Amino acid sequence: MSVEAVLSRISEIRSQIDTLRGGSAAATSSSSSAASTSASSSAFADALATATGTTGTGTATAAAGAAATTSSAPATSVDAGAGTLATGSGATGSDVVADAKKYLGVPYVFGGTTTAGMDCSGLVQTVFKDLGVTMPRVVPDQAKMGVEVGSLKDAQPGDLIIPKGEGHVVIYVGDGKVLHAPRPGKDVRIVDNWYSDADIATIRRIVPAQASATPATTATTAASSATDLQTAALLSMMQSGSAA
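Residues numbered from 1 in each chain as written. Predicted model: local features only at pLDDT ≥ 70, side-chain atom pairs only at ≥ 80, totals over all residues. Heavy atoms only, no water.

1. Points about the pattern of salt bridges
Link 1 in the chain: Overall, the coordinates contain seven salt bridges when judged by the stated rule.
Link 2 in the chain: Here Asp 130 makes a salt bridge to Lys 102, at a shortest N to O gap of 3.8 Å. Linking Asp 130 in helix 5 (residues 120–130) with Lys 102 in the loop between helix 4 (93–100) and strand 1 (113–114), this pair joins segments that are 28 residues apart in sequence.
Link 3 in the chain: Overall, the relative accessible area of 52% leaves Lys 102 in the exposed class.
Link 4 in the chain: A salt bridge links Arg 189 to Asp 187, with the nearest nitrogen and oxygen atoms 3.0 Å apart.
Link 5 in the chain: Connected via shared salt-bridge partners are Asp 99, Lys 102 and Asp 130. (Salt bridge = Lys/Arg side-chain N within 4 Å of Asp/Glu carboxyl O. Helix = DSSP H or I, 4+ residues; strand = E, 2+ residues; numbered from the N terminus. Buried < 20%, exposed > 50% of the residue type's maximum accessible area, 1.4 Å probe, protein only.)

2. Quick look at the packing of aromatic side chains
Link 1 in the chain: Under the definition given, this model contains one aromatic pair.
Link 2 in the chain: Here Trp 194 and Tyr 195 contribute two aromatic rings whose centre-to-centre distance is 4.5 Å and whose plane-to-plane angle is 40 degrees, an arrangement assigned as tilted. (Phe/Tyr/Trp six-rings, centres within 6.5 Å; stacked < 30°, edge-to-face > 60°.)

3. Here we look at the confidence of the model for the protein
Link 1 in the chain: When pLDDT is averaged along the protein, the result is 78, and 60% of the positions lie at 70 or above.
Link 2 in the chain: Note that pLDDT drops below 50 for residues 27–31; the model gives that stretch zero contacts with residues more than four away or on any other chain.
Link 3 in the chain: Predicted confidence is poor over residues 54–75, with pLDDT under 50, and the contacts of this stretch with residues over four places away or in other chains come to 22 contacts. (pLDDT = per-residue confidence, 0-100. Contact = heavy atoms within 4.5 Å.)

4. Let's talk about helix 5
Link 1 in the chain: Most of helix 5 is tucked away, with eight of its eleven residues classed as buried.
Link 2 in the chain: Listed in full, the buried residues belonging to helix 5 are Cys 120, Ser 121, Gly 122, Leu 123, Val 124, Thr 126, Val 127 and Phe 128.

5. Topic: the sheet that holds strand 7 (residues 189–192)
Link 1 in the chain: In space, the six strands of this open sheet follow the order 3-8-4-5-6-7, with antiparallel pairing throughout. A strand with exactly one partner marks an edge of an open sheet, and here the two such strands are strand 3 (147–148) and strand 7.
Link 2 in the chain: As paired elements, strand 4 (residues 160–163) and strand 5 (residues 170–174) share two bridges and run antiparallel to each other. Among the inter-strand pairings, Ile 161 is bridged to a residue of strand 5, identified as Val 170. (Pairing = 2+ DSSP bridges.)

6. What to know about the pairing of strand 8 (residues 200–205)
Link 1 in the chain: For strand 8, the tally of buried residues reaches five of six residues, placing the bulk of the element in the interior.
Link 2 in the chain: Of the strand pairs in this sheet, strand 3 and strand 8 are connected by two bridges, and their pairing is antiparallel. Bridge pairing links Val 147 to Arg 205 in strand 8.
Link 3 in the chain: Note that strand 4 and strand 8 share four bridges and pair antiparallel. Across the sheet, the residue bridging to Pro 163 is Ile 200, located in strand 8.

7. Observations regarding unusual backbone geometry
Link 1 in the chain: Located in the positive-phi region is Glu 166, a residue other than glycine, with phi close to 50 degrees.
Link 2 in the chain: Within the element layout of this structure, Glu 166 appears in the loop between strand 4 and strand 5.
Link 3 in the chain: On the accessibility criterion, Glu 166 (29% relative accessible area) is partly exposed.
Link 4 in the chain: Of note, the phi angle at Asp 175 is positive, near 55 degrees, even though the residue is not glycine.
Link 5 in the chain: Secondary-structure assignment places Asp 175 in the loop between strand 5 and strand 6 (177–180).

Listed below in structure tokens is the structure:
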């Protein structure tokens, strides 16, 4: 049920409570008035629980529902895969670029994956490993991971650009620049991208370009909002009963 529908239902219930309170005020017995107020409180809580889709009253039930929603959310992957983003580590494309910059100046060494030396695919594998994402070791396998980006104009920081022939891989850092380990005698550096779309075999996005709310987070937020709404409504009702 939407928040708007819940608010509308609360308004209807409060009107019913006001009517009940008016009838209670006409009674001469203070004990009868207290009993009526208690019954009104119970009716309000039960009706509000029904309106918000919970099975009981108070914040404990809503919190339990939120916890159940969160625990039932499917786990996300930290392994790179074909046709999917690796979202389990929480890393984004900006994180890829930031981590890759740590290796600027590292010399090119064929087959290397450490600060003593690394090649182009070794750099890529190491960067993603730093971020908790498992990537294959060689370019042809890396070229199959993640989701494909249509063209250079759609590339985002952190995307991998693989030229035709799949003999090299570079990391797009934005603003028309790439970071890579070039060849023997050179070191890891940032340069202007020299590839055109005609030169490229594929552009791969391994992790999300930017952070976004997960379904579990969204569900938890919604449950928390419902809990706050219930608490505020119950407090308001009890305060009104006390004032009467």
